[in-house]
Amino acid sequence: MTSLSRKSAAAIAAILTVVLVISIKYMGGFELLSSKSEESKESKRSSDDVLKVVKEKVNNEHSMTIVTLFVPMGTFQKGGGGNFYTVDKYKNWMLTYSWLTNKVVAFFTDEESLQYFKKMREAQPADRTILIKLDSSQLDAFKNYETVKSIFAAPDYPKHHPNTVNANYSIVMNAKYDALQMAMDMGHVDTPYIAWLDIGTFRNLVDMRPPNNTFTLEVPDGFDNAKVAFTEVTPHDQLKDTSPWDYIRSNHVWVAGSFLFGTTQVIKKFITAYKTTVELLLKERQASTDQQVIGAMYSPKFIKDRDVHIQTYTCRDGQYGLGGSDIQYFCLAYMCREAAEKRASPKV
């Protein structure tokens with residue numbers, strides 16, 4: 001092996017072993033907890049060259065930074081019947097993040113989950129993973145916990161597990177917009193687009209692994225940069241006359257909250273509108289998850305206040321090997337995976 005090859009190999013090995021871990025202090029500061037890189041100046045220069053090539057390959061006009069948040073919620077009922085979600089189930093789904101080549105900014109409220117996720121991301125170059133430890137009190141959504149808990153406690157309040165029963169679940173679903181805002185405010189988004197991705201969105205890949213155990217998410221062709229992208233669960237024509245309260249009372253879902261993307265400028269505007277709607281609903285003693293809030297945002301009562309609109313995507317049953325509720329709720333994420341695969345395929 002030549003001297004240059006040995007240096008390049010060492011640089012790549014160093015990059016693959018480093019994961020940046022940041023701990024946010026209560027007042028918004030942060031400190032570097034660990035960065036295991038002890039390179040010489042010459043090796044560091046080689047490392048920088050490799051990173052430059054990696055960034056040029058990963059960051060293009062269609063690329064997106066992925067943001068996610070994990071707050072352990074113990075065991076809770078999901079939907080009707082005996083369907084229960086556990087922390088272990090979420091950790092099993094975290095495996096899919098080991099194959100995701102996008103830059104990921106992930107927030108955690110407990111050290112154990114952060115370290116587990118860190119291990120999952122070791123397969124990716126270190127500059128593609130930002131792990132942030134915080135306290136739930138640093139997420140704006142949690143200031144409404146007691147209010148939401150008291151709303152759900154009313155005997156006549158509709159009971160849809162866990163959306164209108166488990167206050168912690170409702171709050172965590174709203175907190176995803178806090179995480180998106182924090183990722184941008186902290187300067188961790190250096191791609192044209194930012195996306196939210198639920199931990200379990202690609203859960204099906206655990207059993208049907210992607211080729212070469214790797215996949216990338218990119219914006220599909222034809223996306224309108226003035227909008228925010230979501231998967232449509234129910235045609236909006238069927239819900240166009242639905243009131244905010246009916247979204248909550250009947251647990252209606254227009255778009256899925258599991259995955260969304262947009263430019264940073266548009267997402268910032270969307271977050272502001274979203275949080276305003278949450279506060280308006282709480283004043284009327286109404287609360288549920290992000291999916292019902294978004295429905296309310298574009299209901300006849302509030303749509304006149306919207307300056308950001310939604311671009312929806314749908315898939316047919318069986319597309320991407322998914323069916324039922326999986327294709328209904330996860331369609332757009334798989335479309336973004338397909339978009340990246342098509343662009344990476346050799347042109348004939």
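In the block above lies the structure referred to throughout.
The present account deals with the structure reproduced in this document. Keep in mind that this is a model prediction, so the values were computed, not measured. (Residues numbered from 1 in each chain as written. Predicted model: local features only at pLDDT ≥ 70, side-chain atom pairs only at ≥ 80, totals over all residues. Heavy atoms only, no water.)

## Section: the overall build of the protein
Secondary structure summary: the protein contains 10 helices and 11 strands in total. Each of the 348 residues in the protein was classed as buried or not, and the buried ones make up 52%. For the protein, the exposed surface amounts to about 16100 Å²; the carbon and sulfur share of it is 51%. (Helix = DSSP H or I, 4+ residues; strand = E, 2+ residues; numbered from the N terminus. Buried < 20%, exposed > 50% of the residue type's maximum accessible area, 1.4 Å probe, protein only. Areas by Shrake-Rupley, 256 points an atom, 1.4 Å probe, with all protein chains shown as cover.)

## Details of the pattern of salt bridges
Summed over all chains, the structure comprises 14 salt bridges. Residues Lys275 and Asp178 are paired through a salt bridge, measuring 2.7 Å at the closest nitrogen-oxygen approach. Taken together, the positions of Lys275 in helix H8 (residues 264-283) and Asp178 in helix H6 (residues 167-185) put the pair 97 residues apart, joining distant regions of the chain. Among the residues examined, Lys275 registers a relative accessible area of 26% and is labelled partly exposed. Three or more residues joined by partner-sharing salt bridges are found here, namely Asp140, Asp178 and Lys275. (Salt bridge = Lys/Arg side-chain N within 4 Å of Asp/Glu carboxyl O.)

## With respect to the packing of aromatic side chains
What characterises a pair of aromatic rings is the spacing of the ring centres plus the angle enclosed by the ring planes. Evaluation of the coordinates by the stated rule reveals 21 aromatic pairs. Plain terms: the ring middles of Phe230 and Phe270 are 5.8 Å apart, the flat faces sit at 50° to each other, and that makes the pair tilted. Within this pair, whereas Phe230 is found in strand S9 (residues 227-232), its partner Phe270 is found in helix H8, the two being separated by 40 residues in sequence. No difference in accessibility class separates Phe230 from Phe270, as the two residues are buried. Members of the aromatic cluster, each reached through a chain of ring pairs, are Phe70, Phe76, Tyr85, Tyr90, Trp93 and Tyr169. If you follow Arg203 out to its NZ or CZ, it ends over the ring of Trp93, 4.0 Å from the centre. (Phe/Tyr/Trp six-rings, centres within 6.5 Å; stacked < 30°, edge-to-face > 60°. Lys NZ or Arg CZ within 6 Å of the ring centre and 35° of its normal.)

## Overview of the environment of Phe84
In this structure, Phe84 sits in strand S5 (residues 84-85). On the basis of relative accessibility, which here comes to 41%, the residue Phe84 falls in the partly exposed class. Setting aside residues up to four positions removed in sequence, Phe84 forms contacts with Thr75, Phe76, Gln77, Lys78 and Lys89. (Contact = heavy atoms within 4.5 Å.)

## Details of the nonpolar core
Nonpolar side chains in soluble globular proteins tend to end up buried together. Among the nonpolar cores identified, the biggest contains 99 residues, and Met64, Phe107, Leu217, Phe259, Phe261, Phe270 and Ile294 are the most heavily contacted of them. The greatest single-element share of this core, amounting to 12 residues, is contributed by H6. Those residues in contact with Phe270, other than ones at most four positions away along the chain, are Tyr177, Val228, Phe230, Ile294, Met297, Tyr298, Val308 and Ile310. (Core = buried A, V, L, I, M, F, W, Y, C linked by side-chain atoms within 4.5 Å.)

## Observations regarding the side chain of Thr231
Assignment of secondary structure puts Thr231 in strand S9. Accessibility expressed as a relative area gives 2% for Thr231, which makes it buried. At 2.8 Å, the side chain of Thr231 and the backbone nitrogen of Leu332 are in polar contact. Not counting residues up to four positions away in its chain, the partners in contact with Thr231 are Trp254, Val255, Ala256, Tyr313, Gln328, Tyr329, Phe330, Cys331 and Leu332. (Polar contact = N/O pair within 3.5 Å; in protein donor to acceptor, adjacent residues only side chain to side chain.)

## A short note on the packing of helix H5 (residues 145-153) against H6
Contact pair H5 / H6: the axes reach a minimum separation of 9 Å and the direction vectors enclose 135°. In terms of orientation, H5 lies oblique with respect to H6. For the pair H5 and H6, the sense of crossing is right-handed. Taken together, the residues of H6 that come into contact with H5 (itself represented by Tyr145, Val148, Lys149 and Phe152) are Ala167, Asn168, Ser170 and Ile171. Among the residues forming the contact of H5 with H6, the class breakdown is 5 nonpolar, 2 polar and 1 charged. (Axes fitted to C-alpha atoms, helices over the stretch in contact; angles between N-to-C directions. Parallel < 35°, antiparallel > 145°, perpendicular 65-115°, else oblique. Left-handed = near helix turned anticlockwise from the far one by under 90°. Nonpolar A, V, L, I, M, F, W, Y, C, P; charged D, E, K, R; others polar.)

## So, H5
Of all the residues in H5, the buried ones are Val148, Ile151 and Phe152. The buried residues of H5 occupy an angular sector of 95° when projected down its axis, which confines them to one face. Of the exposed residues in H5, the ones pointing more than 90 degrees away from its buried face are Glu146 and Ala153. Contacts from the buried residues of H5 go to H6 and H8. (Arc of directions from axis to C-beta.)

## Notes on the environment of Asn83
Summarising the element assignment, Asn83 is placed in the loop between strand S4 (76-77) and S5. Here Asn83 falls in the partly exposed class, since its relative accessible area comes to 32%. Taking C-alpha positions, Asn83 is 9.9 Å from His161, a pair spaced 78 residues apart along the chain. Ignoring any residue separated from it by four or fewer positions in sequence, one finds Asn83 in contact with Phe76, Gln77, Lys78 and Lys89.

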